[in-house]
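Residue-level structure breakdown
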Amino acid sequence: MVLSQAVNLAIKDYGPVSGWNFPDGSNPQDIRQFANTYFAPYLKIARDCTKSNHPDCNYSGKNLSGYKLLHNNSDGTYASYYLADGSYIEFKFNVDKVQFFVDCNGNKKPNVLGYDLFTVSIRQQPNDIIKYPLSVGYINEKTFSGNTSCATGGNGAYCLTLIVSNGWKIPSKDEYVRMGGDITKYPYNGLY
């Protein structure tokens, strides 16, 4: 919701996303400039973690398979912030898109990709932001349909697509199976 509002306000001020000055990924300063231009003015930032050695800014989490995700931005490789609502957000460039790494509850557990930690991307090409233009930027428009990345042992990458497809809520086991998931790989057992 916070990113949705930021996108809407930036569109109001800067026009369609297709006209924004997207970085090419070769210079971290360009990524930080993108975040500072199109998002930071519209977010309630409690702590700027870009180029920060503050202990709160060393974020760590893991994906569904247990692979550790460590983020230390003291070198300023990307833009990262803690927001007033307690969430954590990073802006990175990945191939042809700006990728948002969002933890809904900051450093509070579980810090697992697909549970409280999600990635969302926004691309400059207008056709890539049509389905969810105001809610989450860009979500891969593939249906969940049993995608194993949002299953026990997966990486959690498509869990946001699953949650959006389920009316913005984490699915029950029955909903997960109805959407094409394997009940033996339901990733939300013991959630929180």
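Residues numbered from 1 in each chain as written. Predicted model: local features only at pLDDT ≥ 70, side-chain atom pairs only at ≥ 80, totals over all residues. Heavy atoms only, no water.

Quick look at the overall build of the protein now. For the protein, the count of helices and strands is four helices and seven strands. Sorting the 192 residues of the protein into buried and exposed places 47% on the buried side. Considering only intrachain contacts with a sequence separation of at least 6, the fraction spanning at least 24 residues in the protein is 51%. When the accessible surface of the protein is split by element, carbon and sulfur atoms take 50% of a total near 9600 Å². (Helix = DSSP H or I, 4+ residues; strand = E, 2+ residues; numbered from the N terminus. Buried < 20%, exposed > 50% of the residue type's maximum accessible area, 1.4 Å probe, protein only. Contact = heavy atoms within 4.5 Å. Areas by Shrake-Rupley, 256 points an atom, 1.4 Å probe, with all protein chains shown as cover.)

Here we come to the sheet that holds strand β1 (residues 45-48). The five strands lie next to each other as β1-β4-β5-β6-β7, forming an open sheet whose pairing is antiparallel. The open sheet has two free edges, formed respectively by β1 and β7 (117-123), since each of these has just one partner strand. Mean inter-strand twist for the sheet, computed between neighbouring axes without regard to direction, equals 25°. Looking at chain direction, strand β4 (residues 79-83) and strand β5 (residues 88-94) are connected through four bridges and run antiparallel. Residue Y82 lies in a different strand from β5, and its bridge partner there is Y88. (Pairing = 2+ DSSP bridges. Axes fitted to C-alpha atoms, helices over the stretch in contact; angles between N-to-C directions.)

By the element assignment, S149 lies in the loop between β7 and α3 (159-165). The exposure class of S149 is buried, given its relative accessible area of 10%. The contacts of S149, once residues within four sequence positions are left out, are L64, G154, N155, G156, A157 and Y158.

Listing the buried residues of helix α2 (residues 28-38) in full gives I31, R32, F34, A35, T37 and Y38. Contacts made by the buried residues of α2 are with α1 (2-14), β4, β5 and β6 (97-103). For α2, the N-terminal capping position is held by N27, with its side-chain oxygen 2.9 Å away from the main-chain nitrogen of Q29. (Polar contact = N/O pair within 3.5 Å; in protein donor to acceptor, adjacent residues only side chain to side chain.)

This paragraph deals with unusual backbone geometry. Along the chain, K109 connects to P110 via a cis peptide bond; the corresponding omega equals 15°. Take P110: it is sitting in the loop between β6 and β7. Even without being a glycine, N111 presents a positive backbone phi close to 55°. Positionally, N111 belongs in the loop between β6 and β7.

Of all seven residues that make up β5, five are buried, and the element is covered over most of its length. The antiparallel pairing of β4 with β5 creates a hairpin that spans four residues between the two strands, and G86 there sits at a positive phi of about 95°. The pairing of β5 with β6 spans seven bridges and is antiparallel. Looking at β6, one finds that F91 is bridged to F100.

Counting 40 residues, the largest nonpolar core has W20, F39, Y81, I89, F91, F100 and Y188 as the members making the most contacts within it. Those elements that place two or more of their residues in this core are α1, α2, β4, β5, β6, β7 and α3. Top contributing element to this core by residue count: α3, with five residues. If sequence neighbours within four positions are ignored, Y188 has contacts with G114, Y115, C150, C159, L162, I163, I170 and P171. Judged by nonpolar contacts, the second largest core, of 10 residues, contains L69, Y88, F101 and L117. (Core = buried A, V, L, I, M, F, W, Y, C linked by side-chain atoms within 4.5 Å.)

A separate point is the side chain of S87. Mapped onto the elements of the fold, S87 is located in the loop between β4 and β5. Looking at S87, its side chain comes within polar contact range of the side chain of D85, at 2.6 Å. With sequence-adjacent residues up to four places away left out, S87 is seen in contact with Y81, Y82, D103, C104 and G106.

As a further point, take the packing of aromatic side chains. One pass over the full model with this rule turns up 16 aromatic pairs. Taking the centre distance of 4.9 Å and the plane angle of 50° together, the rings of F22 and F34 count as tilted. With F22 in the loop between α1 and α2 and F34 in helix α2, this pair connects stretches of sequence that are 12 residues apart. For F22, a relative accessible area of 13% gives the class buried. Centre to centre, the rings of F34 and F39 are 6.1 Å apart; their planes meet at 45°, and the pair counts as tilted. Across this residue pair, the class does not change: F34 and F39 are buried. Here a set of aromatic residues connected by ring pairs shows up, and it is made of Y14, W20, F22, F34, Y38, F39, Y81, F91 and F100. Sitting above the plane of the Y78 ring, K92 keeps its charged end 4.6 Å from the centroid. (Phe/Tyr/Trp six-rings, centres within 6.5 Å; stacked < 30°, edge-to-face > 60°. Lys NZ or Arg CZ within 6 Å of the ring centre and 35° of its normal.)

Geometry only, nothing functional implied.
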